[in-house]
Amino acid sequence: MRDLSECAVLVVDDTETNIDVLVAMLENDYEVAVAMDGESVLECVGKDWPDLILLDIMMPGIDGYEVCRRLKANPLTRDVPIIMVTAMGEVEDETKGLELGAVDYISKPISSPILKARVKNHLELALARESLREQNEQLRESYEQLRELERLRDSLVHMVIHDMRSPLMGILGTLSMVLPDIQDQIGKEDHDDLAMALTAATSLNEMVSSLLDVSRMEAGEMPVDKAEIDLRDTVVTALASLGALVNQRGIVFEPPADPVPGWCDAELIRRVIANLVANAIKFTPAAGVITVEIGSEDGSSVVRVVDTGPGIPLEYQTRIFEKFGQVGERGQNKKYSTGLGLAFCSMAVEAHGGKIGVDSVLGEGSTFWFTLPAPSDG
């Protein structure tokens, strides 16, 4: 931030005596320049401007009011503080100058202490605004740099994850083919180990798909093929896709007797439900229960995944849907999100015109829910 002694003040008056008085009061503290008419001031637009202008009102040609109006209308000069100087004492004259954008008024004859105090105050304010603008610009540049770094990071992650997908699919395919063929040739313990490996590979594949799809959604490149579906079938398919994971906790799903229609991309919504259930499994104790509920409310289709886990603090209930928004209790090793799966769920639901959220009570559990437009609204 500049020092006051580096500030420049422009004195504008058509009378040399008045100029001499004002210059004598200020020249020991600031750089002082002078102009004797409004035309000279306005001709300087676009060049270096002072930090403050002392502007006489009554001048031949373009008076101080008009000079003030034009300076404030020009983006190059509108932030320069102007103190009007006049011999007039009428309130309406002062009001007019202030309405045009002047920051203060000084009446003649001028008191040196008052002039110096007001000039100093307004220069300090101007320097503070200048410093704030510089800080804002630095913040803007830092923000742009961070955005570029994030873009580069996302590009690198996308490339690495994309390259991971082929070997991962090879692992999945091999385990899926081999396991049924050898289940009679190996012991139960070996079979369970291979089944666990297949489940882990399936979960990893879901995470890879979520990350790639989050990037596609952010770029507006993710197709959403909507059609009318029965959410009962989608939930059954989602639970089946989790494989052995569903055996790790008590999963309860009692399909309603009547169809629950939804207007959506069935595959995307299957993955949303699978992600929510997998997240519930991860944070629900071994003896806990996870319940999947579906229905129609207020013209929308609703899906809920209710768990009996530890619950989520209120301050985290929004952040867990953010990309890489994993949060937890410091010092207690408690986490409340995978950092990616819920971000995918949020984007996928919003891409359908639906809403997603969580209701949670610490020590009692959480209910993750989302809504979808009914077919008639699609």
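Just above sits the structure.
Considerations on the overall build of the protein
Then step 1. A tally of regular secondary structure across the protein gives nine helices and 14 strands.
Then step 2. Computed over the C-alpha atoms, the radius of gyration of the protein is 35 Å, more than 25% above the 21 Å expected from 2.2 N^0.38 for a compact globule of 378 residues.
Then step 3. Oriented by its inertia axes, the alpha-carbon framework of the protein measures out at about 110 × 45 × 40 Å.
Then step 4. When burial is assessed residue by residue, the protein has 42% of its 378 residues classed as buried.
Then step 5. A fraction of 66% describes how many contacts in the protein between residues 6 or more apart in sequence connect residues 24 or more apart.
Then step 6. For the protein, the accessible area works out to roughly 20,300 Å², and carbon and sulfur atoms hold 53% of it.
Then step 7. Across the protein, 33 positive and 63 negative side-chain charges occur, with their mean positions spaced 2 Å apart.

What about helix H8 (residues 266–283)?
Then step 1. A rise of 1.5 Å per residue sets the reference length of H8, with its 18 residues, at 26 Å; its end C-alpha atoms lie 26 Å apart and thus fit the reference within 8%.
Then step 2. A large share of H8 lies buried, amounting to 14 of its 18 residues.
Then step 3. Put simply, Asp 265 is the residue that caps the front of H8, since its side-chain oxygen is 3.1 Å from the backbone nitrogen of Glu 267.

Here we look at the pairing of strand E14 (residues 365–373)
Then step 1. In terms of burial, E14 is a largely internal element, eight of the nine residues being buried.
Then step 2. Judged from the seven bridges that link them, strand E10 (residues 300–307) and E14 form a sheet pairing that is antiparallel. Across the sheet, residue Arg 304 finds its bridge partner in E14, namely Trp 369.
Then step 3. Across six bridges, strand E13 (residues 356–361) lies against E14 in antiparallel orientation. Looking across to E14, one finds that Ser 360 is bridged to Ser 366.

What to know about the packing of helix H7 (residues 231–241) against H8
Then step 1. Relative orientation of the contacting elements H7 and H8 amounts to 55°, with a least axis distance of 8 Å. On the basis of their axis angle, the class for H7 and H8 is oblique. Crossing geometry of H7 relative to H8 is assigned as right-handed. Residues Leu 231, Thr 234, Val 235, Thr 237, Ala 238, Leu 239 and Ser 241 of H7 form the contact with H8, whose participating residues are Ala 266, Ile 269, Arg 270, Ile 273, Ala 274 and Val 277.

Some thoughts on the environment of Glu 141
Then step 1. With respect to the helices and strands, the residue Glu 141 is situated in helix H5 (residues 112–182).
Then step 2. A sequence separation of 140 residues divides Glu 141 from Ile 281, and the C-alpha atoms of the two residues are 43 Å apart.

Considerations on the environment of Asp 3
Then step 1. As for its placement among the helices and strands, Asp 3 is situated in the segment before strand E1 (8–12).
Then step 2. What makes Asp 3 partly exposed here is its relative accessible area of 43%.
Then step 3. For Asp 3 and Phe 370, which are 367 residues apart along the polypeptide, the C-alpha to C-alpha distance reads 57 Å.
Then step 4. Side chain to side chain, Asp 3 and Ser 5 meet in a polar contact 2.7 Å long.

About the thresholds
- Residues numbered from 1 in each chain as written.
- Predicted model: local features only at pLDDT ≥ 70, side-chain atom pairs only at ≥ 80, totals over all residues.
- Heavy atoms only, no water.
- Helix = DSSP H or I, 4+ residues; strand = E, 2+ residues; numbered from the N terminus.
- Rg over C-alpha atoms; globule rule 2.2 N^0.38 Å.
- Buried < 20%, exposed > 50% of the residue type's maximum accessible area, 1.4 Å probe, protein only.
- Contact = heavy atoms within 4.5 Å.
- Areas by Shrake-Rupley, 256 points an atom, 1.4 Å probe, with all protein chains shown as cover.
- Lys, Arg positive; Asp, Glu negative; His and termini not counted.
- Charge placed at Lys NZ, Arg CZ, Asp CG, Glu CD.
- Expected span 1.5 Å × (residues − 1).
- Polar contact = N/O pair within 3.5 Å; in protein donor to acceptor, adjacent residues only side chain to side chain.
- Pairing = 2+ DSSP bridges.
- Axes fitted to C-alpha atoms, helices over the stretch in contact; angles between N-to-C directions.
- Parallel < 35°, antiparallel > 145°, perpendicular 65-115°, else oblique.
- Left-handed = near helix turned anticlockwise from the far one by under 90°.

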